[in-house]
Amino acid sequence: MKSHQDVSKMYINGQWVAAKNQATFPVYNPANGEKIGDVADGDRDDAQKAIHAAQEAFGPWSGRTAYARSKYLYTAYQVMMDRKEHLAQVMTREQGKPLKASRGEIQYGADFLLWYAEEAKRIYGETIPAPRSDQRFIVLRQPVGVVAAITPWNYPMSMITRKVAPALAAGCTIVLKPAEATPLCAVEIFKIFENAGIPGGVVNLVTALNPVPIGEAFTTHPMVRKITFTGSTQVGKILAKKAADQVKRVSLELGGHAPFIVFEDADPVYAAKGAVLVKFLNTGQACISPNRIFVHQSIIEPFIEEFKSRVSKMRAGSGFEDGVSIGPLVNDAAVQKVEGQVTDAVDQGATLICGGRRLTDDNLDKGFFYAPTILGDVTPEMLIYREETFGPVAPIIAFDSEKEVLDMANDTHYGLAAYVYTKSLSRAMRMFEALRFGIVGINDINPTAAAAPFGGIKESGIGREGGREGIAEYLETKLGGFSV
Ligand code: ADP
């Protein structure tokens, strides 16, 4: 029997608490299958308790000055930076990404606390010239109220701060449910909020193995005024439909199927370097991961040669080992999905250039590893051409003309990120304007930062996170009309 001391608890109303029914669930390291902890397994009652705490805290929190709210976020930023190394270790153990990538994510996550500590002081209203001489119009921006947030496992710390920081800056209070695969990362982030002195009830954490009852509580409780979700398009649609019943505000950051386009005027070696870096980032488990790499016919050979040479040097393994750039996938279902897409593509005529198998040597069979894979001659009939892969597979497709590649790139329900490599300024501008995606990288594979609006169009989502836009998601606009 384990004692309660061993269990990571939920954070509700400023207290670390067990689940009401005392249930717990285990958490495993995806690199070796070892159990790394037990976490409180909350249900609907716990979620409701947290929502009530957030509602109680909303009045006092939103009543503080922007300067006071800002100060808490600055302190949280500082605490997060002080703990960078410890947090990175927790993340690599629980999520699997290489330590260097974990450190990068901690910095990215902390940046949101800093950016929104600053933005809290810039929630400006407006005066508008009125049509009558005895009338005045004044516009106020006010916090939406209690926010319910659901976050994913692929970026298990930064996806939390990306929501909590703007919500708190705006004057909202929040209840957050992290992914069941990475609750320990969430617990660490909430310890930061506690240690930064953020008052009880302003930030609440509910952990659970089964997300469904928590999602139900979030979407049906009348005190929740806003749902913010990052995860799959499928779950985003479920939540948005339920939230519609009470016309709750929603922000959704969902799946993607990014095109990566390399024109004939680009340097194929430079483009291949960028493509490898962004494709295998987080072992392909990123919503901005390229899922179709379009390369002009005339330079496809040198592109593939460089791409393959770089992939062949990548090493898979534990994120704690030096030189490892390919971590595990999140679970067995993820490996099976990748296997299914690769088999389907090869059966329909794709060329397997390298990889294409589960990795089992050197104890990798204890984790969820898949070899970095390149597929050539990919066509629109294949599953991988339309379905998000979320794994280390690079599908390459040849094209002849700008018009053809633009049509192919836009032929998707998704609309999150797209990438273009070209040396022509006019072509870069034409593509930037014509690609139906929320984020376009031009000769750039990392168009993300706390200061920049991140988000998708079409089935990739609604709303933006980061930047000036990120805080607007947590604000209502109120018009005052005065007769004088
Ligand atoms: P992925 O397939 O990448 O794991 P999901 O959309 O399933 O993405 O998961 C993202 C987040 O959504 C996680 O926190 C997960 O627990 C949560 N989630 C999954 N299904 C539901 C649901 N029916 N209701 C509420 N939350 C859900």
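Just so you know, the residues in each chain are numbered from 1, in the order the chain's sequence is written. Side-chain atom pairs in this predicted model are given and counted only at pLDDT of 80 or more, local residue features only at pLDDT of at least 70, and totals for whole chains, interfaces and linings cover all residues. Side-chain measures here rest on the full set of heavy atoms in the structure, leaving out hydrogens and waters.

Peer 1: How would you sum up the packing of aromatic side chains? Please name residues and give values.
Peer 2: Any Phe, Tyr or Trp ring, taking Trp's six-membered ring, that has another such ring centre within 6.5 Å forms a pair; planes under 30 degrees apart are called stacked, those over 60 apart edge-to-face, and the others tilted. Applying the stated criterion to the full structure yields 12 aromatic pairs. Summarising the aromatic geometry, the rings of Phe190 and Phe193 are spaced 5.2 Å apart at their centres and angled 80° between planes, so their arrangement reads as edge-to-face. With a gap of three residues between them, Phe190 and Phe193 both fall in helix 6 (residues 183–195), about one helical turn apart. Taken individually, Phe190 and Phe193 each receive the classification buried, so the pair is uniform in this respect. When the centroid spacing of 5.6 Å and the interplanar angle of 85° are considered together, the rings of Phe263 and Phe399 count as edge-to-face. With Phe263 in the loop between strand 13 (258–262) and helix 9 (268–279) and Phe399 in strand 17 (residues 393–399), the pair connects residues that are 136 residues apart, well separated along the chain. In terms of burial, Phe263 and Phe399 fall into one category: buried. Cluster of aromatic residues (ring-pair linked, three or more members): Tyr11, Trp16, Phe190 and Phe193. Above the face of the Phe454 ring, Arg162 is positioned so that its terminal group lies 4.2 Å from the ring centre. Here the guanidinium or amino end of Lys226 rests over the ring plane of Tyr474, the centre of that ring lying 5.2 Å away. Secondary structure follows DSSP: runs of H or I at least 4 residues long count as helices, runs of E at least 2 residues long count as strands, and numbering of each begins at the N terminus. Exposure is judged per residue with a 1.4 Å probe applied to protein chains only, and the accessible area is read against the type maximum: over 50% gives exposed, under 20% gives buried, and values in between give partly exposed. For a ring to carry a charge above it, either NZ of a lysine or CZ of an arginine must fall within 6 Å of the ring centroid while also lying within 35 degrees of the normal to the ring plane.

Peer 1: Got a sec to walk through helix 11 (residues 332–347)? Specific residues and values, please.
Peer 2: The terminal C-alpha atoms of helix 11 lie 22 Å apart, and with 16 residues this matches the ideal 22 Å at 1.5 Å per residue to within 8%. Along helix 11, the residues classified as buried are Ala334, Val335, Val338, Gln341, Val342, Asp344 and Ala345. Considering only its buried residues, helix 11 is in contact with strand 15 (351–354), strand 16 (373–376), helix 12 (383–386) and strand 17. The N-capping residue of helix 11, defined by a side-chain oxygen 3.3 Å from the backbone nitrogen of Ala333, is Asn331. At the C-terminal side of helix 11, Gly349 shows a positive phi close to 105°. Multiplying 1.5 Å by the residue count of a helix minus one yields the expected span of that helix. Any two residues whose heavy atoms approach within 4.5 Å at even a single point are treated as in contact. N or O atoms closer than or at 3.5 Å make up a polar contact, with two conditions inside protein: a donor-capable atom paired with an acceptor-capable one, and, for residues adjacent in sequence, both atoms drawn from side chains.

Peer 1: Mind laying out the packing of helix 13 (residues 402–410) against helix 14 (residues 425–434), listing which residues take part and the relevant values?
Peer 2: Each axis is a line fitted through C-alpha atoms, taken for helices only over the stretch in contact, and angles between the N-to-C directions span 0 to 180 degrees. Direction vectors running N to C along helix 13 and helix 14 enclose 30°, while the axes themselves pass 11 Å from each other. Put simply, helix 13 runs roughly parallel to helix 14. Crossing of helix 13 over helix 14 shows right-handed handedness. Counted together, Glu402, Leu406 and Asn410 of helix 13 and Arg427, Arg430, Met431 and Ala434 of helix 14 form the full contact between these two elements. Residue type decides the class: Asp, Glu, Lys and Arg count as charged, Ala, Val, Leu, Ile, Met, Phe, Trp, Tyr, Cys and Pro as nonpolar, and the leftover types, Gly among them, as polar. A class-by-class count of the residues in the contact of helix 13 with helix 14 yields three nonpolar, one polar and three charged. Put simply, angles under 35 degrees are roughly parallel, angles over 145 are roughly antiparallel, angles from 65 to 115 are roughly perpendicular, and the rest are oblique. By definition, any crossing whose near helix is turned counterclockwise from its far helix by less than a right angle is left-handed, and any crossing with a clockwise turn is right-handed.

Peer 1: Pulling in residues and values, what's your account of the environment of Glu216?
Peer 2: With respect to the helices and strands, the residue Glu216 is situated in helix 7 (residues 211–220). With relative accessibility at 23%, the residue Glu216 sits in the partly exposed group. For Glu216 and Thr151, which are 65 residues apart along the polypeptide, the C-alpha to C-alpha distance reads 15 Å. Excluding residues within four positions of it along the chain, Glu216 makes contact with Arg44 and Lys242.

Peer 1: Can you break down the sheet that holds strand 5 (residues 35–40) residue by residue, with the values?
Peer 2: Strand pairs in the sheet, formed through backbone hydrogen bonds, run parallel or antiparallel to each other. Strand pairing requires that DSSP identify at least two bridges connecting the strands. Taking strand neighbours across the sheet as the criterion, the three strands line up as 1-5-4 in an open arrangement whose pairing is mixed. Of all the strands in the sheet, the pair left with one neighbour each is strand 1 (7–8) and strand 4 (24–28). As defined by bridge partners, strand 1 adjoins strand 5 across two bridges and the pair is classed as parallel. Note on strand 5: the bridge partner recorded for Ser8 is Val39.

Peer 1: An account of the nonpolar core is needed here, citing residue identities and associated values.
Peer 2: The biggest cluster of nonpolar side chains holds 96 residues, and the ones touching the most others in it are Leu168, Phe193, Val203, Val262, Phe303 and Phe307. Built from parts of two domains, this core gets at least three residues from each of domain 1 (7–254 + 459–483) and domain 2 (258–449). Sequence-distant contacts of Val262, defined by excluding residues within four places in its chain, comprise Ala271, Phe294, Val295, His296, Ile299, Phe303, Phe399 and Tyr421. Residues belong to one nonpolar core when they are buried, are Ala, Val, Leu, Ile, Met, Phe, Trp, Tyr or Cys, and are joined through side-chain atoms within 4.5 Å. Among the nonpolar cores identified, the runner-up in size contains 33 residues, and Ala350, Val378, Phe390 and Met431 belong to it. Domain start and stop points were drawn from an automatic or database domain assignment.

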